[in-house]
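Per-entry structural report
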Amino acid sequence: MFEPHGKHLIAGNWVSNDATFNSSPASGKSFAYAIGRVSDVDKAVKSAEDAFWSYGYSSRAERAAFLNTIADEIDARAEAITQIGSSETGLPEMRLNGERGRTIGQLRLFATHILQDDYLDIRFDAALPDRQPLPRPELKMVQRPIGPVAVFGASNFPLAFSTAGGDTAAALAAGCPVVVKGHSAHPGTGEIIAEAILAAIKKCNIHPGVFSLIQGGDRKVGSALVEHCLIFVQQGLNLFHFLVS
Amino acid sequence: MFDLCAARPEPIPFFGELGSVNPMFIFEAALNNRGEEIAKGWAGSLTMGAGQFCTNPGIAVVLAGDKASAFSKTASEALSGAAAQTMLTDGIASAYREGQARIASTSGVREVLTSTCDLRNATPYLYETTAKNWLANEILAEEVFGPLGMIITAQNMDEMREVALNLQGQLTCTLHVDNQDATEATRIMPILERKAGRILANGFPTGVEVSDTMVHGGPYPASTNFGATSVGTLSIRRFLRPVCYQNIPTALLPRDLQ
């Protein structure tokens, strides 16, 4: 039985807050989770920016190994993930087992994808020193990571489009550190996935600012993330919680 | 969220999916030859995961007539067998019922299958309206997140194309076509290409492959960014930016260019 501690993961540290919100599971026990503060967002985003100076310049092989290790660590927690996920969302176990497979598959697919270099769209214009009336210099083009990214977990895919879902996998594959704002519908699921990512960060010896999870519970967390000058935003698959809350 | 991103001193891209009804267009021969089979398949797709998929097919457009009535009856029977399912949150469940009430109270909408669901549960609903009435009521084009279906009956193929032309941006559009439908289907394809990120034939849009060719996105409001996908390997593009290096010494180039 997985017992969440209810903390945020900020740049490698589990951070609590006296102010908490309680989860609303479809079945099973409710737990208390730290409410996100603007200061938590600030710490996470600044660490993500720090991490970018190494992670954004890492080799594709290093990032592929990191993605595969996250997949391994999620796999290692399979049973507990399904148990807390099913309790929180009411989704049947079979669906969550399938969604975990999809999540692991996405991470591994991106690992394979970046090992090939076609996603970089490398272009090359040779120098034309004798061109008239003016010579042309040598020109090269490559796709570079944009920097730290904010990902908002989606309510309808607690695994495949949340903490370590497709958005996070794609951003990490590109070389972008990620700050996730967890969805308050499945905070425990978010926590155990964050635990898996932290284990992978340690195993691969990557800057801990590359990933943070800030639990929801306060809409200020979302707007603080968006307003932070150092970040780009990816909303998860579905904006529904903004429309209804 | 979109406004916040745009209002920053330094605006940033925002990728969000704001809604999609994922219409299905069922052509004449396909309806005649296998309408029942399509209706049963639709009921399965519509209720999968309590209808909480962004590619949930909320609308089926058919040509009015006996076959359309049979389609509606089969879909209703198949849906009525679906048990209540728990939704993801209380908020989603209450929004589902609000959406259902909004559809039910729109003029010209006929109730085919009703149910009662409470608390955090969802049960299916099925409604029917004419293409003319759908075109006259913009509210009917809005997504209801959950297992709610609407059949739109068109008097002729011109009306069916008119529905397609008036769609908002969609994640998916589906065609059910047999060989005899080829001419009409060819005429609707250019419209659907402008509306959707993914067009599929003779299947259902729930079940999004994670692969190299997948596009999970589309024109607004399906996505806030029509040039991007959030599923599949192409989704990495959202996190990349092209940089040109002019006359830069090799040692200073990023390692992928060295």
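Above: the structure in question.
Residues numbered from 1 in each chain as written. Chains lettered and ligands numbered in written order. Predicted model: local features only at pLDDT ≥ 70, side-chain atom pairs only at ≥ 80, totals over all residues. Heavy atoms only, no water.

1. Things to note about the overall build of chain B
Convention followed: Helix numbers and strand numbers start at the N terminus; a helix is a DSSP run of H or I with at least 4 residues, a strand a run of E with at least 2. Remark: exposure states derive from per-residue accessible area (1.4 Å probe, protein chains only) relative to the maximum for the residue type, with buried under 20%, exposed over 50%, and partly exposed in between. Contacts between residues were defined by any pair of non-hydrogen atoms, one from each residue, lying within 4.5 Å. For the area figures, the Shrake-Rupley method with a 1.4 Å probe applies, and any residue is considered shielded solely by the protein chains shown. This count recognises Lys and Arg as positive and Asp and Glu as negative, with His and chain-terminal groups excluded. Each charge is placed at NZ for Lys, CZ for Arg, CG for Asp and CD for Glu.
Across its full length, chain B carries 7 helices and 11 strands. Across its three principal directions, the C-alpha atoms of chain B cover 75 × 45 × 30 Å. Relative to its full complement of 258 residues, chain B shows a buried share of 55%. The contacts in chain B between residues at least 6 apart in sequence include a share of 73% that link residues at least 24 apart. For chain B, the exposed surface amounts to about 11100 Å²; the carbon and sulfur share of it is 51%. Computed over 19 positive and 26 negative side-chain charges, the separation of the two mean positions in chain B equals 5 Å.

2. Points about the pattern of salt bridges
Residues and elements named next belong to chain A. As a reminder, the rule being used: A carboxyl oxygen of Asp or Glu within 4 Å of a side-chain nitrogen of Lys or Arg is what we treat as a salt bridge.
Tallied over the entire structure, the rule returns 20 salt bridges over all chains. Across the pair Arg77 and Glu195 runs a salt bridge whose closest N-O atoms are separated by 3.2 Å. Here Glu195 lies in helix α6 (residues 187-204) and Arg77 lies in the loop between α2 (60-76) and α3 (78-89), a separation of 118 residues in the sequence. Residue Arg77 is classed as buried on the basis of its relative accessible area of 18%. Looking at Glu195, the relative accessible area reads 27%, which means it is partly exposed.

3. Things to note about the interface of chain B and chain A
This is how it is decided: Simply put, the buried area is the total loss of 1.4 Å probe accessible area from both parts when two parts are fitted together. Polar contacts, as used here, are pairs of N or O atoms within 3.5 Å; protein pairs need one atom able to donate a hydrogen and one able to accept it. Residues neighboring in sequence count only if both atoms are side-chain atoms. All amino acids are sorted into three groups, where Ala, Val, Leu, Ile, Met, Phe, Trp, Tyr, Cys and Pro are nonpolar, Asp, Glu, Lys and Arg are charged, and the leftover types, Gly among them, are polar.
At the interface, 51 residues of chain B touch 65 residues of chain A. Counting each side, the surface lost to burial between chain B and chain A is near 4900 Å², with a carbon and sulfur contribution of 64%. For the pair chain B and chain A, the interface holds 3 salt bridges. Joining chain B to chain A, the criterion identifies 13 residue pairs in polar contact (both at pLDDT 80 or more). Counting residues per element, the side of chain B that touches chain A draws most heavily on strand β11 (residues 240-246) of chain B, which supplies 7 residues. The residue makeup of the side of chain B that touches chain A, split by class, is 28 nonpolar, 13 polar and 10 charged.

4. Section: the packing of helix α2 (residues 28-47) of chain B against helix α3 (residues 66-80) of chain B
All names here are of chain B. Using the following cut-off: Orientation is described by lines fitted to C-alpha atoms, with helices fitted over the stretch in contact, and by angles between N-to-C directions that extend from 0 to 180 degrees. When describing relative orientation, an angle under 35 degrees is termed roughly parallel and one over 145 degrees roughly antiparallel, while 65 to 115 degrees is termed roughly perpendicular and anything else oblique. Crossings are classed by handedness, with left-handed meaning an anticlockwise turn of the near helix from the far one by less than a right angle and right-handed meaning a clockwise turn.
Running from N to C, α2 and α3 point in directions that differ by 30°, and their axes come no closer than 8 Å. Taken together, the axes of α2 and α3 lie roughly parallel to each other. Along this stretch, α2 crosses α3, giving a crossing that reads as right-handed. Packed against α2, whose contacting residues are Leu31, Asn32, Gly35, Glu36, Ile38, Ala39, Lys40, Trp42, Ala43, Leu46 and Thr47, the element α3 presents Lys67, Ala68, Phe71, Thr74, Ala75, Ala78 and Leu79 at the interface. Split into classes, the residues belonging to the contact of α2 with α3 amount to 11 nonpolar, 4 polar and 3 charged.

5. Considering the sheet that holds strand β5 (residues 123-125) of chain A
Put simply, the rule reads: Two strands qualify as a pair provided DSSP detects at least 2 bridges between them.
With respect to topology, 3 strands assemble into an open sheet ordered β5(A)-β6(A)-β11(B), the strand pairing being antiparallel. Every interior strand has two partners, whereas the edge strands, β5 of chain A together with β11 of chain B, have only one. If you compare each strand with its neighbour and ignore which way they point, the axes differ by 25° on average. Alignment of strand β6 (residues 139-145) of chain A against β11(B), held across 7 bridges, turns out to be antiparallel. Pairing of A:Gln143 across the sheet is with B:Pro242, part of β11(B).

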